[in-house]
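What the coordinates show
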Amino acid sequence: LANASLAGDVRLAALTLPRRVLPREAFMVEVAAAADIDATVPVEILRNGQSMGQREVVLRQGIGRLRFTDRLATPGAYRYEARLLPAQDSLPGNNAATQWVEVQSGPRVLLATAYPNDPMAEVLRTQGFEVEVVTELATLNVGALSAAKAVVLNNVPAYRVLSEFLSALNFF
């Protein structure tokens, strides 16, 4: 192993979120960073791969915390990622962390369809199901299966859906 100096290392010590929340329930996201120097470090926060923006964490006496609230309306699982973006860092491999949050609800059906106004969605709603309609098939991910009671693929060719999503369907 190489004996590289770790002086000046900035690292993401923790990304803390609740495991489960209810739809539209506010929850706290906490990023803890550590370093052997005092600094102000930019942090990028992503949800499902999309940037939510950048904030700064102030590191004093080796530790800094960034806290903010978020709220999710749609049931499913959401992947959060925090990335420290220091100007200089002796070990950049410890600057990111991920965490999943599940938004729970009642009986939910995931309807992946090729039709913009699929009549099947209304039929399912009249039966008491909460229906999530997905027409942009490239956006389907494994997290969309969380809390789903059923998955309906209506006129959807398999080649238009990510293989990771198709493999996860074995659960149903």
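Residues numbered from 1 in each chain as written. Predicted model: local features only at pLDDT ≥ 70, side-chain atom pairs only at ≥ 80, totals over all residues. Heavy atoms only, no water.

**Some words on the layout of surface pockets**
The computed volume of the largest pocket comes to approximately 260 Å³. As for the largest pocket, its lining consists of 14 residues, of which Asn48, Glu132, Thr139, Asn141 and Ala144 are closest to the centre. Here the residues of the lining of the largest pocket sort into six nonpolar, six polar and two charged. (1 Å grid on protein atoms, 1.4 Å probe; cavity = no way out; pocket = protein on both sides within 12 Å on 5 of 7 lines; lining within 4 Å. Points joined across faces, edges and corners; volume = space filled by probe spheres on them. Nonpolar A, V, L, I, M, F, W, Y, C, P; charged D, E, K, R; others polar.)

**Remarks on the pairing of strand β4 (residues 39-47)**
Put simply, side chains in a regular strand alternate between the two faces of the sheet. Note that β4 and strand β5 (residues 50-59) share nine bridges and pair antiparallel. By the bridge assignment, Thr40 is partnered in β5 with Val58. Once β4 ends, the chain turns through two residues before running back antiparallel as β5, passing Asn48 with a positive phi of about 50 degrees. Examined bridge by bridge, β4 and strand β7 (residues 76-84) share five bridges and lie antiparallel to one another. Note on β7: the bridge partner recorded for Ile45 is Ala82. (Pairing = 2+ DSSP bridges. Helix = DSSP H or I, 4+ residues; strand = E, 2+ residues; numbered from the N terminus.)

**What about the sheet that holds strand β9 (residues 108-113)?**
Strand order across the open sheet formed by three strands is β10-β9-β11, with parallel pairing between neighbours. Each edge of the sheet is formed by a strand with only one pairing partner; in this case those strands are β10 (130-134) and β11 (148-154). The mean angle between the axes of side-by-side strands here comes to 20 degrees, regardless of whether they run parallel or antiparallel. As paired elements, β9 and β10 share five bridges and run parallel to each other. Looking across to β10, one finds that Leu110 is bridged to Glu132. Across the face of the sheet, helix α1 (residues 119-126) comes into contact with β9, β10 and β11 while running at roughly 165 degrees to β10. (Axes fitted to C-alpha atoms, helices over the stretch in contact; angles between N-to-C directions. Contact = heavy atoms within 4.5 Å.)

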